[in-house]
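Here are the chains, one letter per residue:
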Amino acid sequence: MKYYSLNYNSQDISFLDAVRKGLAPDRGLYFPKKVPKLPKTFFNNINSISNQEIAFKVIQPYVGKDIPENRLKKIVEDTLNFEFPIVPISDSVATLELFQGPTLAFKDVGARFMARCLAYANINNKDEKLTVLVATSGDTGGAVADGFYKVKGVDVVILYPKGKVSEIQEKQLTTLGENITAIEVDGTFDDCQDMVKSAFIDQDLIQSMSLTSANSINIARWLSQMFYYFIAYKNRIHPNKKLAISVPSGNFGNICAGLVSQQMGLPIDQLIASTNINNTVPSYLNSGVYSPKKSKSTISNAMDVGDPSNFIRIQKLFNNDIFKLKKILKGYYYTDSQTKKAIKEIYKISGYTADPHGAVGYLGLKEFLKNSKEAYQGLFLETAHPIKFVDIVERTLKTSVEVPERIKHVLNREKSSIPIHSYEQLKSFLLKR
Ligand SMILES: *Cc1c(COP(=O)(O)O)cnc(C)c1O
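Residues numbered from 1 in each chain as written. Predicted model: local features only at pLDDT ≥ 70, side-chain atom pairs only at ≥ 80, totals over all residues. Heavy atoms only, no water.

Summarise helix α8 (residues 189-200); cite the residues concerned and give the values.
Spanning 12 residues, α8 covers 17 Å between terminal C-alpha atoms, matching the ideal 16 Å at 1.5 Å per step. Where α8 is concerned, the buried positions are Cys192, Met195, Val196, Ala199 and Phe200. Buried residues in α8, looked at end-on, bunch into an arc of 140°, giving them a common side. (Helix = DSSP H or I, 4+ residues; strand = E, 2+ residues; numbered from the N terminus. Expected span 1.5 Å × (residues − 1). Buried < 20%, exposed > 50% of the residue type's maximum accessible area, 1.4 Å probe, protein only. Arc of directions from axis to C-beta.)

Structure, rendered in structure tokens:
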């Protein structure tokens, strides 16, 4: 499979080259030359296929000859070493838990897959060390740190805003050591992101090192998110009902993977983009006018994005035809107070503790189901464990959320970070190593 830039001003390149580069030289996002279809028999027999085998079949056409089949199978097996349970909330609504990975974030899947692809790419590129530079408002950093920990030939530098991530998130970022460095920026998440952007166009840095990013613009992170849509289809509770999936969305990488899955033949009847008040996409679906805005802060802060970077890929998937897109994709948005009410409602009807992002997904699903005449099985994605947003959840439900056993060890580790307050300091740190 070849990949082309959506700015149409760079050469087509293969899978691993696109993974190493991240963004094309013309600053465009990479996009596959075509979306392959999987055969009907695959979907008819999916119940008898293991999660790992499903994931291999899904991703193999996108990787092509770049990674030998046995190695790719191993990469997929290592990526998916945890489960994706479906938990019923009511008759027609269930949640797909995507937070069973090592850092309790759905981003574990993409980060683990991308790290392993890069590790393989480095076997053939021994001399060239790669530096992954990433800004985080919380969840991305932890997943990337864990996914890339001890991957040979890759150094990871994570920028996070001082005092603006939760205690667990900070520990996940700052305690691993080895090839992971945490930079504590005296500023906001936007300041972190601006510094990363400056680094990617800084000629002094470009000349002296290979820099790449690890956010969902990277095709390895983006495409591997398809795995759990296929696994969810296999495990769906009502196989005879139509399937609607609601995705709490920020940069729209996750839902874009759902839309690709659907175009590959996966029988998803409806996708729902659920957002907080950063509602650029729901408004576009309503008005036909795409107008990005500055992001506003909310309690579902991993979705505080005013100009979603992956939306251009969604438009490409539908050849910029909004009418085609609107048949499969609905969009709704919610305020913080609606989100808190939803956390309470979910708890009341089922005893389930949702995090603010999942709660936004629940609201979008409910609104879709209310407006539709047919019977659907609805799934909303739970993108983070409630412990990641423990203050909001505990204050809303007036109960305590238990720290899952598997991350307790993180809390006892020693923090180590490099404090900075300017881009110049970041640059000199990168050049000095
Ligand atoms: C990153 C994130 C999202 C948004 O995912 P996108 O792919 O950027 O749309 C939603 N919820 C949580 C908890 C996240 O960390």
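Structure's up, so let's keep going.
Mind laying out the sheet that holds strand β2 (residues 13-14), listing which residues take part and the relevant values?
Taken in spatial order, the 3 strands line up as β2-β1-β3 in an open sheet, and their pairing is antiparallel. Each end of this open sheet is capped by a strand with a single partner; those strands are β2 and β3 (30-32). For strand β1 (residues 2-5) and β3, the ladder comprises 3 bridges, and the chain directions are antiparallel. Along β3, the bridge assignment pairs Tyr4 with Phe31. (Pairing = 2+ DSSP bridges.)

Residues and numbers for the packing of aromatic side chains, please.
The way to describe two aromatic rings as a pair is by their centre distance and the angle between their planes. For the coordinates displayed, the defined rule picks out 17 aromatic pairs. Between Phe368 and Tyr376, the ring centres sit 5.0 Å apart and the planes meet at 75°, which makes this aromatic pair edge-to-face. Overall, the relative accessible area of 5% leaves Phe368 in the buried class. For Tyr376, a relative accessible area of 9% gives the class buried. Of the aromatic side chains, those joined through ring pairs into one cluster are Tyr4, Tyr8, Phe31 and Trp222. Above the ring of Phe56, the side-chain terminus of Lys73 is found at 4.9 Å from the ring centroid. In this structure, Arg313 packs its charged tip against the face of Trp222, placed 4.1 Å from the ring centre. (Phe/Tyr/Trp six-rings, centres within 6.5 Å; stacked < 30°, edge-to-face > 60°. Lys NZ or Arg CZ within 6 Å of the ring centre and 35° of its normal.)

Residues and numbers for the pattern of salt bridges, please.
Once their charged atoms are close, side chains differing in charge can pair, the charge on each being opposite to the other. Summed over the entire model, instances satisfying the criterion amount to 14 salt bridges. One salt bridge in this structure joins Arg433 and Asp155, with 3.4 Å as the shortest N-O distance. Residue Arg433 is found in the segment after α20 (423-432), and its partner Asp155 is found in strand β7 (residues 154-161); the two are separated by 278 residues along the sequence. With its nearest N and O atoms 3.3 Å apart, the salt bridge here joins Glu184 to Lys415. You can see Glu184 sitting in strand β8 (residues 180-185) and its partner Lys415 sitting in the loop between α19 (408-411) and β14 (418-420), a full 231 residues away along the chain. (Salt bridge = Lys/Arg side-chain N within 4 Å of Asp/Glu carboxyl O.)

How would you sum up the nonpolar core? Please name residues and give values.
Grouped together as the largest cluster of nonpolar side chains are 103 residues, with contacts concentrated most on Phe15, Phe113, Phe148, Tyr229 and Phe230. Looking at this core, the element that brings in the most residues is helix α5 (residues 107-123), giving 9 residues. Judged by nonpolar contacts, the second largest core, of 30 residues, contains Ile89, Ala354, Val360 and Leu369. (Core = buried A, V, L, I, M, F, W, Y, C linked by side-chain atoms within 4.5 Å.)

Help me get a handle on unusual backbone geometry, residues and values and all.
If you check the backbone angles, Leu104 has positive phi at about 65° while not being a glycine. Of note, Leu104 is situated in the loop between β5 (93-97) and α5. We classify Leu104 as buried; its relative accessible area is 0%. Residue Glu178 is not a glycine yet carries a positive backbone phi of 55°. Looking at the element boundaries, Glu178 is found in the loop between α7 (167-174) and β8. The class for Glu178 is exposed, based on a relative accessible area of 61%.

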